Each structure stands twice: as structure tokens, then as C-alpha cells.
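Structure assessment
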Amino acid sequence: MFQDNPLLSQLKQQLHDNKPHVEGVVKGTDKAYGFLETEKETYFIAPPAMKKVMHGDKIKATIETLGDKQQAEPEALIEPMLTRFIAKVRFNKDKKLQVLVDHPNINQPIGANQAKSVKEELKEGDWVVATLKTHPLRDDRFFFAQIIEFICSSEDEYAPWWVTLARHQQSRYPVKGQDSYQMLDTASREDLTALHFVTIDSETTKDMDDALYIEPVENNGEQTGWKLVVAIADPTAYIAKDSQIEKDARQRCFTNYLPGFNIPMLPRELSDELCSLVENETRAALVCYLETNLQGEIIGSPYFVQAKVQSKAKLAYNHVSDYLEQRENAWQPQDEATKQQIHWLHQFALTRINWRQSHGLLFKEKPDYHFVVDDKGHILEIKAEYRRIANQIVEESMIIANICCAHYLAEHAHTGIFNTHKGFDAKFLPNVHNFLMANLSNDENKAELEQRYSVENLATLEGYCRMRHDIEPIEGDYMEFRLRRFLTFAEFKSELAPHFGLGLTGYATWTSPIRKYSDMVNHHLIKACIANQTCDKPTDDILTRLQEARRQNRLVERDIADWLYCRYLADKVADKPEFEAEVQDCMRGGLRVQLLENGASIFIPAATLHDKKEEIEVNSDELAFYIKGERKYKIGDIIKIQLTEVKLETRSLIGSVI
């Protein structure tokens, strides 16, 4: 009799409206219940209510008071956790199709159907892309998804690669090429094929985009400096603006270098053949002439030309390094001219390293970790590779060439794609000042350092570099890691701006046009300057896409690496192997460390460090982990750990401190 009573309905509505309403994000647990995290408080979500939501959903909820406890009742969906997502195929006991979301905090299966565009016959465990079609808070129905793309079968050994690329919406295929390519540039080219250019790359490299030639500069029989000629492959000579290849390159922005293989930004017939500076083959190139004095400082104005070049020797990093380090039975240059180039380039690189140490900033020596993968996707070993002298020769040559490009474009084109870095985030500068004073000052130098590390000085390139030079001799990585938390991210800009990370007033890359779309853009601008043509400013859309593509590529590299580390260490965990590790982060839940031997990231749960939560404290200013008021661990510490668990499902490694 009360079912359609308007007074009763009105009363119910008033009671509902009088209850507190909050907005927050759902946090799932490995139990049936969950929590709603708001800006101020966390509320319990009972198991029946959790069936209406999913971990990560942003929702509106009413707060119910039951005795002395409060709990959230989901009411409306603001933003779902899932839209497009990666999942594994599953069939329930009734053989109905379901998907299991590939996320560590989402474990409930979701009913699904298969879009007509997906032609594969799906099997248990296959990897797919799906979209969420219905949500209980949005449609007053159950969760339901549609499979829109097949990624790979459950048995595919390359699943880490294909699934990760699909997750970040990156193609696994090279850009589609053309049947033939014609030279589109009509400008005349200088013939530099007589110069003894050499390339230095990894032994397996096919997309060789830089070659070097160097000679001493003499005055009255006495050496006064160096002339370096940097030849860079010229793919824009074959790619028309707004062609499909150029559009595809603009979308990808970078070649993806993955364990075992790469996915080129350009068609392989361009990147690995027609444009690659292959030994003894004549190739189109964009060439920069530059000179330095004996101290390594650039003198005069560098200039660019379009040219034809011919690499006389394909050299390998390890071979050249072995030779220069005079290792036993080391590789030897094939002829005197190549030998001379290697020695001159070596002297030049050492000069430039010294110059940058004084006038800029050097990279901190850290190894790169290299996965050795067989043709079936199995990890044979993981090598820690340090930059040796041959790598530094190429690195220094490319850095000086990119410095020249930045200032050339700023002067002649008044625009370009510049790599910039503003140093510390302005809002953190007072924190940086306080941190430096607390860690570096004493009674004798306090007044001096107050000025040296003032907010105003730290905001300048000169003041930033001075500070970095001050902390360089300090042993360990604590200062480096702590200050890193205050930095901004590097950005692409269309006007010249400093790069604090390199300690340079300007930097613009043009030395990898086979691998980077930004370098192709800068090639077009350099060519326009050479021809005295109008230079078009790169659009904001291009800069935004470059930024996003760089972020995506880093996430792809990280996610594949996490998966491969788990695969590599899974059969070793039973032996409880021990490793030296560097603390990368301290948080309430535990420590994040990196193994020095192979680069794997390991989580150390707080419960294994101390059994009483109330006696644990994390100092966010120091990024340090305290137990009973005593600092036990801080970022940068080297500790010994034991690998205790490998979770392949979540691609995570767990360890404990020895």
C-alpha cells in the first residue's frame, strides 16, 4: 500500500539528500571489500557494494553511518577505471566468454563478446584488447566488455613485446614503404666522397645515421685546433612532406629499440639500406663543418652543406675501445687512414670531455643493462654495459654537432625543435635551497653558501651548473637522487632555451633523422636556411606528440623490461640468490631497490624490515626509512638483498634485506 505513496518517496529522498556525499577513487583489495579514498578521508566499501564498482573507478558516493563506523555506498560513476584495456581470454564453467583484466588490483572476470572485426578463434589465455561497454553505476547492469583486437596467443614467446606495445598503442610493424624511391632534393650537393669518413656503431647496427671525419687545424706548422666534419644520413631527400611515410613518422616520432630487435620509425629499406651510411657506398648526407681550439671550445661559425659522402670503414664500439685501451689480441684498424682517424677522434673526444666538465655538465657514469635474446624470445643473459671510450667519441661528436645545430637554427631559422630543460621546478626552489644548506653548509661557509645556493642563483644556468659541480665529488648517489625529485621534465620547444641537464645554453638534435622525427624537422629547416628559403615554425601539435611519444617509448621499455626480468629470474628464485642493490625509493610500504648486477627493480615490503608498523616512519624530505626513530635506509644506499618471490602475473619481484 506504500509502494506508490508520494509522501513516503519524498521522505526517502529527503533522508538521502541529508546524508553526506563524497567523491573519491575506489581502491580494491584481494578480499571482497574495498575502500573509497577521498581528499580528506578513506571509507570502507562493503562486499555487496564493491560488486557495483571496480578498482580505480572515480565515483560519487553517500556515506552511511552504521553504529560508530562509516562506509561508502556507491551512487554515480564519474570516471571509469577501464575504457580500453589489455586482458586475457577466459571461459567460465558454462563455456561463456570472459576477460581477465591485466591489472594487479583487478581480479574479477568480466563477461565479454567478440567484435566482428576480430576473426581469430579465441582460446583460453590468449591476449586481447577490450573496451568496457557497460558498468553497473552507469547502465544499471553488470560489467560487460567487448574484445576489439587480438594481440597474440597464450603460447607466443614474444607476448611481453606484443602485449606491451598494444597496451601503449604502439605498432609492432615498420612503417609501410614504397615500391621505389627517387631523390626529391633538387639542390646541388658537394662531393665529399674523398674524405675518409668512418662510422662507429654496435656490430649489429644497420641504420647507421652518422659518420665522422676529423683533421688537425695548423698555423705555421703548429696545431691550433681541430676541424670536425659530421655527416648525417639524409632521409628527407627521399621523403616528401605530407607523404604517408612522413605522416607515419610524425605519429611514431622515434624508432623503438626493444630487447632483441627494433621497430623503425621509417621503412627498413630507407633506414637500413638507402639512407644508412653503409661502408663504401655513396650516400646523400647533410654535413656540418665545425672547428674548435685545442681546449675544445667552438671557434668561428659552424656551417652546413648538402653533400655526397662515402664511409670508408664500418667500425664497432667494442673493437675500437679494445684497440685504444691496448687490450691483448685487440682488433686492429684495416688501414693507416682509418687508424689515423681513430687516434685523432680519440684526442678530440678527450679534449671535449675536459671542456664540458669545466663549461657544462657530464653524464654520471651508470651502466646500461642489455638483454641478450635468442630468436625465440628467450633471455640468455643480462649484461651491464658501461660507456667505453669509443662510445664517448661518438657521444662527444654528436653533442657538439647538436650544440652547433641549436645556435645555427636560432640565428638563421629563428626556430627549430630544441631540446630544453629548465632545471628545478620553480615551486621547489626554496626546498632545494634548504636541502643544500642542510647537507653542505657549516659554520665557516654558511654565509657564502646562502648566496651561492640562493633561489635566484639556482634558477640560472650558471648557478645550477656551479651547484652540480659542487656535489659531484660527494661519494654515493644520495644527493643526486634527492635533488632529482625537485627537477622539471625535459621539453621540446620551438625557440632556443637552455638545457640545464647538459649545462648548455642551447641544444637541438639533428644527428638521428632515421630514428627521430624531430631531427627530420630540423633537417628541413637547415636545408631551408642553406637555400635562403622561408622557415616554418614547428606547430604545437608536433611538439606535443613528440613529448607524448617519448613518454610512451619509455613506458614500453620499462614494462617489457619488468616482464623479461621476471622471466629471467623466475627459475632462480628457489635458490634465494643474493645481490647488491641501490635504494631507489623509500615509502611507507617498503623500499624500491635496483640490482647492480642486472638492473632489475625489486620491492622490499616494510613488513620484512620491521614487524611493528607503528614503529616505522618514512621521512619524505630525506627520502629515508626510519625504525624506532633511527634512520635505517635512505635513497642511494647500497644494501645486500635476497630475491624471495617472482610474481609473473603482475610482473613484480619481491625481496628481503640480508
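Since the structure is predicted, the reported quantities are computational estimates derived from the model, not experimental observations.

Conventions and cut-offs
- Residues numbered from 1 in each chain as written.
- Predicted model: local features only at pLDDT ≥ 70, side-chain atom pairs only at ≥ 80, totals over all residues.
- Heavy atoms only, no water.
- UniProt positions renumbered as here; feature names shortened; annotations may be inferred.
- Helix = DSSP H or I, 4+ residues; strand = E, 2+ residues; numbered from the N terminus.
- Domains from an automatic or database assignment.
- Disulfide = S-S within 2.5 Å.
- Buried < 20%, exposed > 50% of the residue type's maximum accessible area, 1.4 Å probe, protein only.
- Salt bridge = Lys/Arg side-chain N within 4 Å of Asp/Glu carboxyl O.
- Contact = heavy atoms within 4.5 Å.
- Polar contact = N/O pair within 3.5 Å; in protein donor to acceptor, adjacent residues only side chain to side chain.
- Pairing = 2+ DSSP bridges.
- Axes fitted to C-alpha atoms, helices over the stretch in contact; angles between N-to-C directions.
- Core = buried A, V, L, I, M, F, W, Y, C linked by side-chain atoms within 4.5 Å.
- Parallel < 35°, antiparallel > 145°, perpendicular 65-115°, else oblique.
- Nonpolar A, V, L, I, M, F, W, Y, C, P; charged D, E, K, R; others polar.
- Left-handed = near helix turned anticlockwise from the far one by under 90°.

Here, the residues flagged by UniProt with the feature "domain: Cold-shock" (unreviewed entry) are residues 23–78. When the span residues 23–78 is considered, its composition is 7% helix and 59% strand, and the gap between its end C-alpha atoms is 8 Å.

Another aspect to go through is the domain arrangement of the chain. In many reports, interface size means the accessible area that the parts give up when they come together. As assigned here, the chain comprises domain 1 (6–79), domain 2 (84–156), domain 3 (190–418 + 507–560), domain 4 (422–488) and domain 5 (572–657). Spacing between the C-alpha centres of domain 1 and domain 4 amounts to 46 Å.

Here the focus is the state of the cysteines. For the structure on display, the rule yields zero disulfides. Cysteine 405 provides the cysteine sulfur closest to cysteine 275, a residue in no disulfide bond, and the two sulfurs are 18 Å apart. Under the relative-accessibility criterion, cysteine 275 is labelled buried at 2%. In this structure cysteine 529 is not part of a disulfide, and its nearest cysteine sulfur, from cysteine 535, lies 3.8 Å away.

A few words on the environment of alanine 194. By the secondary structure assignment, alanine 194 is in the loop between strand S11 (190–191) and strand S12 (197–201). On the basis of relative accessible area, alanine 194 is assigned to the exposed category, the value being 74%. In the structure, alanine 194 is positioned 188 residues away from isoleucine 382 in sequence and 41 Å away in space, judged by C-alpha atoms.

Attention now moves to the pattern of salt bridges. Close approach of charged atoms lets side chains of opposite charge pair. Inspection of every chain in the model, using the stated rule, returns 39 salt bridges. We note a salt bridge from arginine 189 to aspartate 185, for which the minimum N-O separation is 3.0 Å. Residue classification places aspartate 185 among the partly exposed residues on the basis of a relative accessible area of 22%. The partner of aspartate 559 in a salt bridge is arginine 558, and the shortest N-O contact between them spans 2.8 Å. Taking relative accessible area as the criterion, arginine 558 reaches 46% and is therefore assigned partly exposed. Among the ionic contacts, a cluster of salt bridges with common partners joins Asp185, Arg189, Asp234 and Lys527.

Once that is clear, we can look at the environment of tyrosine 453. Relative to the assigned elements, tyrosine 453 resides in the loop between helix H11 (446–452) and helix H12 (455–458). Ignoring sequence-local partners within four residues, the contact set of tyrosine 453 consists of His433, Leu436, Met437, Leu440, Leu458, Met467 and Asp470. At 2.5 Å, the side chain of tyrosine 453 and the side chain of aspartate 470 are in polar contact.

Another point: the sheet that holds strand S28 (residues 630–634). With antiparallel pairing, the three strands of this open sheet are ordered in space as S26-S27-S28. What marks the edges here is a single partner per strand, and that holds for strand S26 (616–619) and S28. Each strand of the sheet is rotated relative to its neighbour by a mean of 30 degrees, with strand direction disregarded. Inspection of the sheet shows strand S27 (residues 624–627) paired to S28 by four bridges, in the antiparallel sense. Looking at the pairing, tyrosine 626 lines up with arginine 631 of S28.

Core analysis: the biggest nonpolar cluster contains 80 residues, and Val287, Val309 and Trp510 have the highest contact counts within it. The element best represented in this core is helix H9 (residues 389–413), accounting for 13 residues. If we skip the residues at most four places from it in the chain, valine 287 touches Leu192, Val229, Val230, Ala231, Tyr303, Phe304, Val305, Ala307, Val309 and Trp510. Counting residues in each nonpolar core, the second largest holds 72 residues, with Cys152, Ile263, Leu429 and Val583 among its members.

A few words on the UniProt feature "domain: RNB" (unreviewed entry) in the chain. As annotated in UniProt, the feature "domain: RNB" (unreviewed entry) corresponds to residues 189–532 in the numbering used here. With 37% helix and 25% strand, the stretch residues 189–532 has end C-alpha atoms that lie 16 Å from each other.

Below, the discussion takes up the sheet that holds strand S7 (residues 97–101). Read around the closed barrel, five strands run S6-S7-S8-S10-S9, paired in mixed fashion. Averaged over all adjacent pairs, the angle separating strand axes in this sheet is 55 degrees, with direction ignored. The pairing of strand S9 (residues 127–134) with strand S10 (residues 144–152) spans seven bridges and is antiparallel. Along S10, the bridge assignment pairs valine 128 with phenylalanine 150. Across the sheet, helix H4 (residues 159–167) is in contact with strand S6 (84–91), S9 and S10; its angle to S10 comes to roughly 130 degrees.

In summary, the side chains of a regular strand alternate between the two faces of the sheet. Where burial is concerned, most of S7 is hidden: four out of the five residues are buried. Note that S6 and S7 share five bridges and pair antiparallel. Across the sheet, phenylalanine 91 pairs through a bridge with leucine 97, a residue of S7. Connecting S6 to the antiparallel partner S7 that follows it, the hairpin turn spans five residues, and lysine 95 within it adopts a positive phi of roughly 65 degrees.

The pairing of S7 with strand S8 (residues 110–114) spans two bridges and is antiparallel. Note that in S8 the partner of glutamine 98 across the bridge is glycine 111. Pairing geometry for S8 and S10, over four bridges, is parallel. Counted as the bridge partner of glycine 111 is phenylalanine 144 from S10.

Moving on, we get to the packing of helix H7 (residues 317–324) against H9. Orientation of H7 relative to H9, taken along the N-to-C sense of each, is 110 degrees, at an axis distance of 7 Å. If you check the angle between H7 and H9, you find them roughly perpendicular. Counted together, Tyr317, Val320, Ser321 and Leu324 of H7 and Ile389, Ala390, Asn391, Ile393 and Val394 of H9 form the full contact between these two elements. Residue classes in the contact of H7 with H9 are distributed as seven nonpolar, two polar and no charged.

Glancing now at the side chain of aspartate 209. Relative to the elements of secondary structure, aspartate 209 occurs in the loop between S12 and strand S13 (210–219). For aspartate 209, a relative accessible area of 0% gives the class buried. Leave out the neighbours within four places in its chain, and aspartate 209 touches Ala231, Ile232, Ala233, Leu277, Thr511, Ser512, Pro513, Ile514 and Arg515.

Two numbers describe how helix H8 (residues 336–359) lies on H9: the axes approach to 9 Å, and their chain directions differ by 65 degrees. Note on packing geometry: the crossing formed by H8 with H9 is left-handed. Of the residues in H9, those touching H8 at Leu345, His346, Phe348, Ala349, Leu350, Arg352, Ile353 and Arg356 are Ile389, Gln392, Ile393, Glu395, Glu396, Ser397, Ile399, Ile400 and Ile403. When grouped by side-chain class, the residues that make up the contact of H8 with H9 number ten nonpolar, three polar and four charged.

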